[in-house]
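Structural features, examined
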Amino acid sequence: MYRYDEFDAAFVAERVEQFRFQVERRLKGELTEDQFKPLRLMNGLYLQLHAYMLRIAVPYGTLSAPQLRMLGRIARKYDKGYGHFTTRQNIQFNWIKLKDVPDALADLASVEMHAIQTSGNCIRNVTADHFAGAAADEVEDPRPTAELIRQWSSLHPEFVFLPRKFKIAVIASPHDRAALRFHDAAVEIVRNEAGETGYRIHVGGGMGRTPYLSYVVGDFVARPDLLAFLEAVMRVYNENGRRDNLFKARIKILAHALGQDEMRERTLREFKEIKAQGFLEVPEAERKRIEAYFAPPKFEDLPDDEPQSPDPDFAAWAGTNTHRHRAAGHAIATISLKPIGGVPGDIGAEQLDALADLLDRFGMDEIRVSHEQNLILPHVKKKDLPAIHARLKELKLATPNAGLITDIIACPGLDYCDLANARSIPVAQDIARRFADLGRQHDIGELKIKISGCINACGHHHAGHIGILGVDKKGVEYYQLLLGGSGAEDAAIATIMGPGFGAHEIADAVERVVAAYLKLRNDGERFLDTYRRVGMEPFKNVAYGEQLHAAH
Amino acid sequence: MALQILTANRLIDGDVVYWHAGAWVEALGEADVLAHEAEAAAALDAANASVAGNLVVKPYLFDVRKENDAIIPVKEREIIRAMGPSVHADLGKRAEGSTPASILKAAAARDQPGASPCPKERDNEVSI
């Protein structure tokens with residue numbers, strides 16, 4: 001894992017003390033709320049419905065055992081015993097008291113964590129493929145590149161007051177596990193015909209009120225030019241992005257107003273200028289220094305036999321929650337944070353502690369947070385899988401549903417969030433309970449449901465095979481159903497079916513849509529494939545059931 | 001005007017508070033129900049003074065309705081603020097015993113299957 005150097009450690013510690021002083025001044029009344037709000041947001045502290053919420057950065061979703069333990073401690077000491085993993089690989093605590101935040105940040109700093117740039121109009125925490133360094137299909141580990149971007153973008157003086165927030169993802173595999181094309185900018189590490197690695201740069205994706213898929217502005221950026229090229233993208237955005245309208249301020253609006261050709265040309269012009277100055281080249285030595293921190297563990301030469309367990313539940317779990325690893329005899333394991341009827345992404349303090357112990361016991365250095373709100377063990381020896389599964393089962397963390405219909409992404413929604421219009425979590429729970437039967441889930445196959453409680457789309461509803469968007473109508477919760485989205489390499493923006501559903505109708509509608517899919521599908525077709533073949537109409541015809549006739 | 005209650009979040013811990021007799025209380029059941037515009041405006045003025053005094057942040061008025069003498073917020077958002085997260089009965093105001101029984105009853109009715117049926121006239125007016 002990446003380790004702070006002296007500069008990083010001193011800077012984070014200094015930042016904690018600055019914020020401690022700012023909180024003191026706020027509580028004494030020396031700062032007004034208007035003066036204080038931008039300061040607290042710069043330190044990841046939001047005010048939500050019931051309390052303050054602290055959003056902590058997990059760069060590229062990687063956590064060590066001591067960091068997991070510290071998150072458990074924060075949950076116990078300053079919160080109500082649990083945290084919530086988000087769709088940006090971060091963790092949020094929901095009940096933090098303002099007076100406690102400086103101490104919580106000091107505790108985090110002791111394990112090289114912070115909440116800087118988890119809010120505000122800056123370049124946010126950089127996300128990456130959660131299978132980084134372990135996936136069998138990747139060109140290289142994308143995290144050293146993500147770390148380079150993190151260092152470049154942290155407190156970059158030119159980009160602390162952007163028109164709006166800016167989110168970057170990095171992947172290095174043809175299989176997109178990071179919703180690449182829904183990001184403001186994304187870096188895809190690719191290999192050319194000559195066998196050299198370089199960067200394909202995507203710009204202008206986003207969800208929210210106006211969803212767009214990104215397009216490519218740099219086909220093959222050479223390795224030393226990565227930061228210069230990204231800086232060029234940022235300059236075009238910073239100079240031309242709309243500051244007059246909050247809803248049109250993201251780069252997606254600029255990128256799609258300018259069009260791909262113009263955006264490419266402007267970016268290239270800036271890039272040439274930056275390159276001519278010559279100082280923003282990534283030195284190979286620095287890259288190597290960073291890469292060394294991400295060196296994979298020494299993989300033992302192990303037989304690739306499939307592990308056996310006397311527990312009849314093991315096979316189902318191994319079938320859905322383990323994935324092919326680059327090294328023989330190893331596997332990647334998904335720890336589902338989607339127990340049937342639970343809160344997607346929530347984790348208790350004792351579970352955080354126990355997972356830290358699990359890492360230690362099985363000689364694993366790190367765990368990952370996925371944007372799908374699950375945790376990933378990237379390097380597991382296959383022979384350890386039965387014992388790991390047994391322990392996860394004791395911790396109630398062995399739900400065998402990764403990638404299935406009950407593995408639902410849901411934002412905190414109106415249960416917590418100040419921006420939400422409707423609740424997301426109860427809808428996710430209702431749907432998960434209806435499809436709890438594992439045989440039924442397997443019959444349905446890969447089906448990604450994503451739920452947001454407002455148009456800001458933290459629950460990625462635009463990218464759901466089935467998306468659900470909560471809206472408010474005169475104070476009552478209603479839900480729009482969307483079909484056909486994807487956040488993977490076959491990225492697509494979901495289409496709204498039609499009029500919304502009441503809170504007690506939405507799960508029925510999902511069941512009808514799924515039943516229609518089961519009738520309509522051809523052999524081997526996922527829900528998304530069938531939708532793409534037959535279109536919205538057959539699903540719309542059944543989703544409203546009797547109510548359609550009553551309404552029209 | 002509609003009946004209203006004045007609310008804010010407490011500065012030091014973010015807890016939801018309500019305006020009652022010139023001060024802030026934690027239980028919605030104790031809040032002043034404001035029936036006249038002048039009354040609501042005066043309460044908001046006083047609340048702004050307590051923002052300046054660093055007690056609370058983000059004060060605002062929300063609509064409530066009277067149902068069999070019980071006061072129920074019109075918007076779901078305020079029902080949830082008065083109770084805590086609906087998915088955690090063990091946390092927040094409900095767990096602390098400060099949610100009025102009438103709101104607990106309204107929330108339970110809301111969560112019954114068959115509640116909030118689709119309106120007869122569906123519409124697409126909701127902008128997304």
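Predicted model, so just to flag it, every value in this text is computed and none were measured.

Our focus in this paragraph is the overall build of chain A. The helix and strand inventory of chain A stands at 18 helices and 21 strands. Relative to the 2.2 N^0.38 estimate, which gives 24 Å for 552 residues, the radius of gyration of chain A is 23 Å and therefore close to what a compact globule would have. Across its three principal directions, the C-alpha atoms of chain A cover 65 × 60 × 55 Å. Out of the 552 residues belonging to chain A, those deemed buried represent 53%. When contacts within chain A are restricted to residue pairs at least 6 apart in sequence, those whose partners lie at least 24 apart make up 68%.

Turning next to the confidence of the model for chain A. The share of residues in chain A with pLDDT of 70 or more is 99%, and the mean pLDDT across the chain is 95. Long-range and interchain partners of residues 548–552 of chain A, a stretch whose pLDDT sits below 50, account for four contacts in this model, where long-range means more than four residues apart.

On to the sheet that holds strand S1 (residues 45–47) of chain A, then. All names here are of chain A. What the five strands build is an open sheet, ordered S1-S2-S5-S4-S13; its pairing is antiparallel. Strand pairing shows two members of the sheet lacking a second neighbour, S1 and strand S13 (346–348), which therefore form its edges. If you compare each strand with its neighbour and ignore which way they point, the axes differ by 30 degrees on average. Inspection of the sheet shows strand S4 (residues 82–85) paired to S13 by three bridges, in the antiparallel sense. When the bridges of S13 are listed, Gly83 appears paired with Ile347. Running at roughly 15 degrees to strand S2 (residues 52–56), helix H4 (residues 101–109) makes contact with S1, S2 and strand S5 (91–96) of the sheet.

Another aspect to go through is the packing of helix H6 (residues 226–240) of chain A against helix H8 (residues 260–277) of chain A. Residues and elements named next belong to chain A. Remark: H6 packs on H8, axes separated minimally by 8 Å, with the N-to-C direction vectors making an angle of 125 degrees. In this view, H6 runs oblique relative to H8, as classed from their interaxial angle. Crossing of H6 against H8: the hand is right-handed. Contacts between H6 and H8 involve Ala228, Phe229, Glu231, Ala232, Val233, Arg235 and Val236 on the former and, on the latter, Arg266, Thr267, Glu270, Phe271, Ile274 and Lys275. Of the residues in the contact of H6 with H8, the class split is seven nonpolar, one polar and five charged.

Glancing now at the sheet that holds strand S7 (residues 168–171) of chain A. Residues and elements named next belong to chain A. The strand order across the open sheet built from five strands is S6-S7-S8-S9-S10, with neighbouring strands paired in mixed fashion. Both outer strands of the open sheet, strand S6 (127–128) and strand S10 (215–221), are each paired with one neighbouring strand and no more. Taken together, the four bridges between strand S9 (residues 197–203) and S10 define a ladder with antiparallel strand orientation. Residue Tyr199 lies in a different strand from S10, and its bridge partner there is Val221.

Residue and element names in this part refer to chain B. In terms of burial, strand S2 (residues 16–20) is a largely internal element, four of the five residues being buried. Strand direction decides the pairing type here: strand S1 (residues 3–10) and S2, joined by three bridges, are antiparallel. What sits directly across from Ala8, in S2, is Val17. Bridging between S2 and strand S3 (residues 23–25) involves three bridges; their strand directions are antiparallel. Following the sheet pairing, Tyr18 is matched in S3 by Val25. The antiparallel hairpin formed by S2 and S3 contains two residues in its connecting segment, where Ala21 sits at a positive phi of about 50 degrees.

Fine structural detail should not be taken from predicted coordinates in areas where pLDDT scores are low. Residues and elements named next belong to chain B. With 88% of its residues at a pLDDT of 70 or more, chain B shows a mean pLDDT of 87. With pLDDT under 50 throughout, residues 117–128 is counted as low confidence; its partners more than four residues away or in other chains account for 18 contacts. Here the predicted complex carries an ipTM of 0.91, next to a pTM of 0.95.

All names here are of chain B. As a packed pair, helix H2 (residues 76–83) and helix H4 (residues 101–110) sit with axes 10 Å apart at the nearest point and diverge in direction by 125 degrees. Regarding the angle of H2 to H4, the classification is oblique. Considering how the two elements wind past one another, H2 and H4 form a crossing that is left-handed. The residues of H4 that touch H2, namely those facing Ile79, Ala82 and Met83, are Ile103, Ala106 and Ala107.

Another aspect to go through is the environment of Ala292 of chain A. The residue Ala292 of chain A is located in helix H9 (residues 284–293) in this model. Taking the C-beta count within 10 Å as the criterion, Ala292 of chain A has 10 such neighbours and is therefore assigned exposed.

Further remarks concern the domain arrangement of chain A. Residues and elements named next belong to chain A. According to the domain assignment, chain A contains domain 1 (6–109), domain 2 (135–292), domain 3 (312–394) and domain 4 (409–551). Using only C-alpha atoms to locate each centre, domain 2 and domain 3 end up separated by 31 Å. Taken together, the contacts link four residues of domain 2 with four residues of domain 3. For the side of domain 2 that touches domain 3, the class distribution of residues is four nonpolar, no polar and no charged.

This brings us to the environment of Ala488 of chain A. Within the element layout of this structure, Ala488 of chain A appears in the loop between strand S19 (476–483) and strand S20 (495–496). The sequence separation of Ala488 of chain A and Ala354 of chain A amounts to 134 residues, and the corresponding C-alpha distance is 32 Å.

For the rest of this paragraph, the subject is the nonpolar core. Residue and element names in this part refer to chain A. Judged by nonpolar contacts, the single largest core of 186 residues is most densely connected at Leu54, Val233 and Tyr479. With nine residues, H6 is the single largest residue contributor to this core. Once you skip the residues sitting within four places of it in the chain, Val233 turns out to touch Ala185, Ile201, Val203, Val217 and Thr267.

Residue and element names in this part refer to chain A. Across the six residues of strand S12 (residues 330–335), six count as buried, placing the element largely inside the fold. Burial of S12 is two-sided: the residues His330, Ile332 and Thr334 facing one way and the residues Ala331, Ala333 and Ile335 facing the other way are all buried. Bridge count for strand S11 (residues 322–324) against S12 is three bridges, and the pairing is antiparallel. Following the sheet pairing, His323 is matched in S12 by Ile332. Hairpin connection between S11 and S12: a loop of five residues separates the two successive antiparallel strands, and Gly329 in this loop has a positive phi of roughly 80 degrees. Of the strand pairs in this sheet, S12 and strand S15 (residues 375–381) are connected by five bridges, and their pairing is antiparallel. Considered in S15, the bridge of Ala333 is made with Leu377.

Time to look at H6 of chain A. Taking 1.5 Å as the rise per residue, H6 of chain A with 15 residues should run 21 Å; its terminal C-alpha atoms sit 21 Å apart, in good agreement. Buried within H6 of chain A we find Leu226, Ala228, Phe229, Leu230, Glu231, Ala232, Val233, Met234, Val236 and Tyr237 of chain A.

Note: α-helices contain 3.6 residues per turn, so residues at a spacing of three or four share the same orientation. Counting buried positions over the 11 residues of helix H5 (residues 143–153) of chain A gives nine, a clear majority of the element. Note on H5 of chain A: the residue one or two positions beyond its end, Leu155 of chain A, has a positive phi of about 55 degrees.

About the thresholds
Residues numbered from 1 in each chain as written. Chains lettered and ligands numbered in written order. Predicted model: local features only at pLDDT ≥ 70, side-chain atom pairs only at ≥ 80, totals over all residues. Helix = DSSP H or I, 4+ residues; strand = E, 2+ residues; numbered from the N terminus. Rg over C-alpha atoms; globule rule 2.2 N^0.38 Å. Buried ≥ 20, exposed ≤ 12 C-beta atoms within 10 Å, placed from the backbone. Contact = placed C-beta atoms within 7 Å. pLDDT = per-residue confidence, 0-100. Pairing = 2+ DSSP bridges. Axes fitted to C-alpha atoms, helices over the stretch in contact; angles between N-to-C directions. Parallel < 35°, antiparallel > 145°, perpendicular 65-115°, else oblique. Left-handed = near helix turned anticlockwise from the far one by under 90°. Nonpolar A, V, L, I, M, F, W, Y, C, P; charged D, E, K, R; others polar. Domains from an automatic or database assignment. Core = buried A, V, L, I, M, F, W, Y, C linked by C-beta atoms within 7 Å. Expected span 1.5 Å × (residues − 1).

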